[in-house]
Amino acid sequence: MDVAGIERRREQNLVYNFLRVVEMAAIGAARTMGRGERKYSDQVAVEAMRSEMDLIPMDGRIVIGEGERDEAPMLYIGERVGVGVHEQSPTVPYPEVDIAVDPLEGTNLCATGAPNAIAVLAAAERGGLIHAPDVYMQKLIVGPAAKGAVDIDAPVKDNLRAIAKRMNRDVDDLVVVVMDRPRHRQLVADIKAAGARIRLITDGDLSAGISAAVGGSGVHAVMGIGGAPEGVITAAAMKCLNGEIQGRFLTKDKLEHPEERAKIADDVEDRMREMGITDPTRVYDTNELAPGRKIIFAACGVTDGTILRGVRFFGTGLRTESVLMTTDTHHVRFVDTLHLEGDPDAVVRFDRF
Ligand code: VTB
């Protein structure tokens, strides 16, 4: 195979390699389910993700990860990962990939065995994902039907009416996911007043966002304030699913609650400027959060969830469910994997339903 052929093949294989990465992170985390040790669950997922990632023939760079270099030993922002990093002047250049990871989205969900914990990552060509610092983000997420019909700055009732109209139903038939936090008291009151139904979640607005863009999930929108890194990864998923996210970074001065302010580093605005976010008050759309042309999105269920089942262990093997999506070749794959390594007599059973 010529050089161009090898390069192309490596690029094509990235998507399957990333599937393996989220599967391994999910399996590691799932083994710790319900132990009430969220940090430990996260650590296991991070280590599994990191070691799988390093086996991939790519020149990878973490743009959204576990924190800054001094606070995270692995998968920190700016860390280089992949085979290409260890090889000086390779004969065939490795694909240059920017990667946003959330090895265990919903550490609390995993720690308590609650639904919708996932292992997730998004990747793109260099510059294809915005470098978002760990601040809060005000978000409005809708699926393909309501794309272009909503505005994060419009009153909640107007957005709900617009979504309902596009989905040929009444506002009372909509389900909006909101994180159960004191900061959302007014938002919840506004949604109630408009007549829509609400699903309050303790954590995990990223997997809720994906559900909002998948028909039949029973989720029609996600509203409220969550993490900015999760917002960027959601944007990558929205590009693949033809959904929409509008997001506004929230710096310390925009947050009412002292606990939320306390979670944000003092120098965050300087870091945002360095990362190219010059006007944090602006609303960023899907394409600005994830401008990449070649986006790969991979998520694997850790605990059972709305669109992905969690990891099931059955003694001689285990089974995972993932979603794997690309924008370059527009594919959305739901992957049901049986991991039967080491069991030569394994019997495959069809047990999806
Ligand atoms: C958010 C949300 C995540 O953690 O980052 C949240 O986007 C933390 O919010 O999905 P609080 O500071 O209010 O607890 C998740 O729920 C899970 O990682």
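Everything in this summary refers to the structure shown in the same document. (Residues numbered from 1 in each chain as written. Predicted model: local features only at pLDDT ≥ 70, side-chain atom pairs only at ≥ 80, totals over all residues. Heavy atoms only, no water.)

Approximately 1600 Å³ is the volume found for the largest pocket. In this structure, the largest pocket is lined by 46 residues; those nearest its centre are Arg 38, Thr 107, Asp 134, Glu 230 and Lys 263. Among the elements of the structure, α2 (38-53), β3 (96-105), α4 (107-112), β8 (221-227), α8 (228-241) and α9 (258-262) are those that each provide at least two residues to the lining of the largest pocket. At six residues, α2 tops the list of elements feeding residues into the lining of the largest pocket. For the lining of the largest pocket, the class distribution of residues is 17 nonpolar, 10 polar and 19 charged. The two domains that each donate at least three residues to the lining of the largest pocket are domain 1 (3-129 + 294-340) and domain 2 (136-289). Space inside the second largest pocket adds up to approximately 410 Å³. In this structure, the second largest pocket is lined by 20 residues; those nearest its centre are Glu 11, Gln 12, Lys 294, Ile 296 and Asp 328. (1 Å grid on protein atoms, 1.4 Å probe; cavity = no way out; pocket = protein on both sides within 12 Å on 5 of 7 lines; lining within 4 Å. Points joined across faces, edges and corners; volume = space filled by probe spheres on them. Helix = DSSP H or I, 4+ residues; strand = E, 2+ residues; numbered from the N terminus. Nonpolar A, V, L, I, M, F, W, Y, C, P; charged D, E, K, R; others polar. Domains from an automatic or database assignment.)

Near the ligand you find 14 residues, and of these Glu 105, Tyr 136, Asp 203, Asp 205 and Lys 263 are the closest. A distance of 2.8 Å is found between an oxygen atom of the ligand and a backbone nitrogen or oxygen belonging to Gly 227. Interatomic distance of 3.5 Å between a side-chain N/O atom of Glu 230 and an oxygen atom of the ligand. Contact with the protein chains removes 83% of the 430 Å² of surface that the ligand exposes when unbound. (Near = heavy atom within 4 Å. Polar contact = N/O pair within 3.5 Å; in protein donor to acceptor, adjacent residues only side chain to side chain. Areas by Shrake-Rupley, 256 points an atom, 1.4 Å probe, with all protein chains shown as cover.)

Our focus in this paragraph is helix α1 (residues 3-30). Under the 1.5 Å per step criterion, the end-to-end length of α1 is 40 Å for 28 residues, consistent within 8% with the ideal 40 Å. At Leu 14, α1 shows its maximal kink, close to 35 degrees. (Expected span 1.5 Å × (residues − 1). Bend = angle between axes of the 7 residues up to and from the residue.)

Our next topic: the pairing of β3. Among the 10 residues in β3, nine count as buried, and that is most of the element. Both strand β1 (residues 59-64) and β3 contribute to a ladder of five bridges, which runs parallel. Directly across from Arg 61, in β3, lies its bridge partner Asp 98. Summarising the sheet, β3 and strand β4 (residues 118-125) pair through seven bridges and their orientation is antiparallel. Its bridge partner lying in β4, Glu 105 is registered against Ile 118. (Buried < 20%, exposed > 50% of the residue type's maximum accessible area, 1.4 Å probe, protein only. Pairing = 2+ DSSP bridges.)

Viewed as axis vectors pointing N to C, α1 and α2 meet at an angle of 155 degrees, and their least axial separation amounts to 8 Å. Taken as axis vectors, α1 and α2 run roughly antiparallel relative to one another. Of the two possible hands of crossing, α1 and α2 adopt the one that is right-handed. Between α1, through Phe 18, Arg 20, Val 21, Val 22, Met 24, Ala 25, Gly 28 and Ala 29, and α2, the contact on the second element is made entirely by Ser 41, Val 44, Ala 45, Ala 48, Met 49, Glu 52 and Met 53. Its residues placed into classes, the contact of α1 with α2 shows 11 nonpolar, two polar and two charged. (Axes fitted to C-alpha atoms, helices over the stretch in contact; angles between N-to-C directions. Parallel < 35°, antiparallel > 145°, perpendicular 65-115°, else oblique. Left-handed = near helix turned anticlockwise from the far one by under 90°. Contact = heavy atoms within 4.5 Å.)

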